[in-house]
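Reading the structure
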Protein chains: 2
Amino acid sequence: MTERRTVNVSVVGATGLVGREMLRLLDSRDFPVDTLRAFASERSEGTTVWSGEHMVEVEALSREALLATGSGLVLASAGKAVSALLREWVRGTDLVVVDNSSAFRMDPAVPLVVPEVNPDATAGHEGYIANPNCTTTPLAVVLSAVRNLAGLEEVFVATYQSVSGAGNKAMEELAHQTMSLLTEQEVETEVFPHRIAFNLIPQIGDVRSDGYTEEERKVVDESRKILGMPDLIVSCTAVRVPTFACHGEAVHLVTKEDVSRDALVLALGNAPGITVLDAPREFVYPMPINTVEAEDVFVGRVRKHPDKPCTYDLWIVADNLWKGAALNSLQIAERLLADGRL
Amino acid sequence: MTERRTVNVSVVGATGLVGREMLRLLDSRDFPVDTLRAFASERSEGTTVWSGEHMVEVEALSREALLATGSGLVLASAGKAVSALLREWVRGTDLVVVDNSSAFRMDPAVPLVVPEVNPDATAGHEGYIANPNCTTTPLAVVLSAVRNLAGLEEVFVATYQSVSGAGNKAMEELAHQTMSLLTEQEVETEVFPHRIAFNLIPQIGDVRSDGYTEEERKVVDESRKILGMPDLIVSCTAVRVPTFACHGEAVHLVTKEDVSRDALVLALGNAPGITVLDAPREFVYPMPINTVEAEDVFVGRVRKHPDKPCTYDLWIVADNLWKGAALNSLQIAERLLADGRL
């Protein structure tokens, strides 16, 4: 009987929506944790978080506190400013950071990883690995499967993003605004620039000089990097919708080779990390209500354009806190462990 | 002083969401109504509806009752079965039907009209004119402006459609389900195939053998007919979202000529029926909350693709009950009147 190797794990941003899911998944996926520590900002110090049945006291994040662990995994989801600190702190140590923030995703020295797509990108990591944007990860899983079957020329995606992508307070805001509207009380807006209840906000992130938002640009740049296709034509319109969990994506794509709809559905169904839900006549397709807290990327409404070869439409839903964030980070860590890179 | 010509007007489907807006707009737009009558099914007989301050008693629809008016306008929004009757009934009479149902939209003998785009299509009408689908009309207004500037090769649209497109009961269902969820009560589903509150349903209409829904196909066929471009490549993914009013559309399009973003914005702003709301850095863009009960089609987030010529992304919102249905029908009638075709 071989002994199972265990590693120390620190979760940074442990009180946030993604941090809490990281803690939960560490337990439910039976990750071989030695010492588990939870870090957040000073105002959360001394509060407790849970990893399954294990209660962990939250520590205030500092260089000294984090490095005291010596070696192991740091799962981070605490924003760009913290990421910059983490990257400096772990340099030259035996700690490996898997970070959910966008701070260094496009840095050529930082692997940006979706395990189903580019697991080998972790080779030669310098202690810091980036987890992609919550919309990009599910899209990349699907695009990879399409590319492997028929090549890929062009992708247009319109997103339907839930408020949980904007954190705890955004979820409270949707609930509170909705109740206010249904009971004819005044609506207060704080997290989003406009009311989100029963509304659509076609802006996620700051607006760049070319008119695309940062969120839309992430989908372009990160998809190219993960797929290793720097010239892939990608375009995105990102919209916030009044749902609590899971992001939807309407995807229009052009392949290099013309394949049948059936061949595409088969390839998607056989690809790792994808579940095909595609029986629309029986009202079966991915929706937030049937994909929340599910591990896979769900694909349905797969259609081949009747007039134009190599052209397809499909619909994706994935849990933005799971495959879009915490789960993918943990899957990266599992892969690092399996490859002896942690 | 010339006397203003007045016409008799019958609204068929007067108790439905669209019928009520037709009645309301007849008054607010000061349509020159002589006698106003309201028709619905037998179970609504004797109830009352309002056109501004004018109360109208609802009559049960029958051939005899409708034709008793002799001449004038019939504004209809009562479903496909009623449309088939209406078309037969008015044949050879002096009544002209403007119908919001999809029954005869693709009939070559029936004009399908968006007044800003193809007003002359009403010439030689045979007493029956069709109003396009609620998603198609706003899209056609925008596509026409783009085509006039730069030509048009290809269009992909992802829709964000409010529940009012599915009628009174659908609006009640969203409100009721939402309240049930916020108060932890059981959710009942009747109108939609799944819960719509805090969810996304990627199916509107029946599913065809090629996998596209009837709603998606309408956008393709009707856009081609209205624009007079039978070979235009159009693709659509139609999604129901938990909003009460207005439909959003994320549009990706390819033109024949490469024009600047500024030129496109200018052309859209100068086109009839369009208001450009495009200052995303100041959080200005079309949303349901700022376009409900507004007449125009609202366009924002206009972007020129940085890597591919002739390629643009933009975002449309319009009130599906107004420009998407009742208002466009009334604008058709106004045009008929101005052209002496009514």
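Quick caveat: nothing in here was measured; it's all calculated off a predicted structure. (Residues numbered from 1 in each chain as written. Chains lettered and ligands numbered in written order. Predicted model: local features only at pLDDT ≥ 70, side-chain atom pairs only at ≥ 80, totals over all residues. Heavy atoms only, no water.)

**Side note on unusual backbone geometry**
In plain terms, the rule: Only DSSP runs of H or I with at least four residues qualify as helices, and only runs of E with at least two residues qualify as strands; both kinds are numbered from the N terminus onward. Three exposure classes are used, based on accessible area relative to the maximum for each residue type with a 1.4 Å probe and protein chains only: buried under 20%, partly exposed in between, and exposed over 50%.
Despite not being glycine, Arg301(A) has its phi angle at roughly 50°, a positive value. Relative to the helices and strands, Arg301(A) is located in strand β12 (residues 297–304). Using a relative accessible area of 1% as the deciding quantity, one classes Arg301(A) as buried. The phi angle at Cys246(B) is positive, at roughly 80°, despite the residue not being glycine. Locating Cys246(B) in the fold gives a position in the loop between β9 (233–240) and β10 (247–254). Residue class for Cys246(B) comes out buried when judged on its relative accessible area of 0%.

**Section: the sheet that holds strand β10 (residues 247–254) of chain A**
All names here are of chain A. The criterion, for reference: At least two bridges found by DSSP between two strands is the condition for calling them paired. Here, axes are lines fitted to C-alpha atoms. For helices the fit covers the stretch in contact, and angles between N-to-C directions go from 0 to 180 degrees. In what follows, residue pairs with any heavy atoms lying within 4.5 Å of each other are defined as contacts.
In spatial order, the strands read β9-β8-β10-β13-β12-β11; together these six strands make up an open sheet with mixed pairing. In this open sheet, the two edge strands, each paired with only one partner strand, are β9 (233–240) and β11 (274–276). Across this sheet, the average inter-strand angle for adjacent strands is 25°, counted without regard to direction. When strand β8 (residues 154–161) meets β9, the two strands line up parallel, connected through eight bridges. Paired with Glu-154 across the bridge in β9 is Ile-233. The strands that helix α6 (residues 214–227) touches are β8 and β9; relative to β9, the one it contacts most, it runs at about 145°.

**Quick word on the environment of Ser235(B)**
On the secondary structure map, Ser235(B) appears in strand β9. A residue is classified by how much of its surface remains accessible, and Ser235(B), at 1% relative accessible area, is buried. Setting aside anything within four residues of it in sequence, one finds Ser235(B) in contact with His252(A), His305(A), Asp313(A), Val155(B), Phe156(B), Val157(B) and Tyr212(B).

**Concerning the packing of aromatic side chains**
To keep things clear, this is the line we draw: Two rings belonging to Phe, Tyr or Trp (six-membered ring only in the last case) form a pair when the distance between their centres is within 6.5 Å. Interplanar angles under 30 degrees mark stacking, angles over 60 mark edge-to-face geometry, and anything in between is tilted. Criterion for a charge above a ring: Lys NZ or Arg CZ within 6 Å of the ring centre, and within 35 degrees of the ring normal.
For the structure on display, the rule yields eight aromatic pairs over all chains. Consider the rings of Phe104(A) and Tyr128(A), whose centres lie 5.4 Å apart with planes at 90°: the pair is edge-to-face. Highlighted residues: Phe104(A) in the loop between β6 (94–99) and β7 (128–130) and Tyr128(A) in strand β7, separated in sequence by 24 residues. Given a relative accessible area of 18%, Phe104(A) falls into the buried group. For the ring pair Tyr160(B) and Trp315(B), a centre distance of 5.1 Å and an interplane angle of 85° mean the geometry is edge-to-face. Taken together, the positions of Tyr160(B) in strand β8 (residues 154–161) and Trp315(B) in strand β13 (residues 311–318) put the pair 155 residues apart, joining distant regions of the chain. Judged by its relative accessible area of 0%, Tyr160(B) falls in the buried class. For Trp315(B), a relative accessible area of 0% gives the class buried. Taken together, the aromatic side chains of Tyr160(A), Trp315(A), Tyr160(B) and Trp315(B) make up a single cluster linked through ring pairs. A cation over a ring is seen here: Arg87(A) above Phe104(A), with NZ or CZ 4.6 Å from the ring centre.

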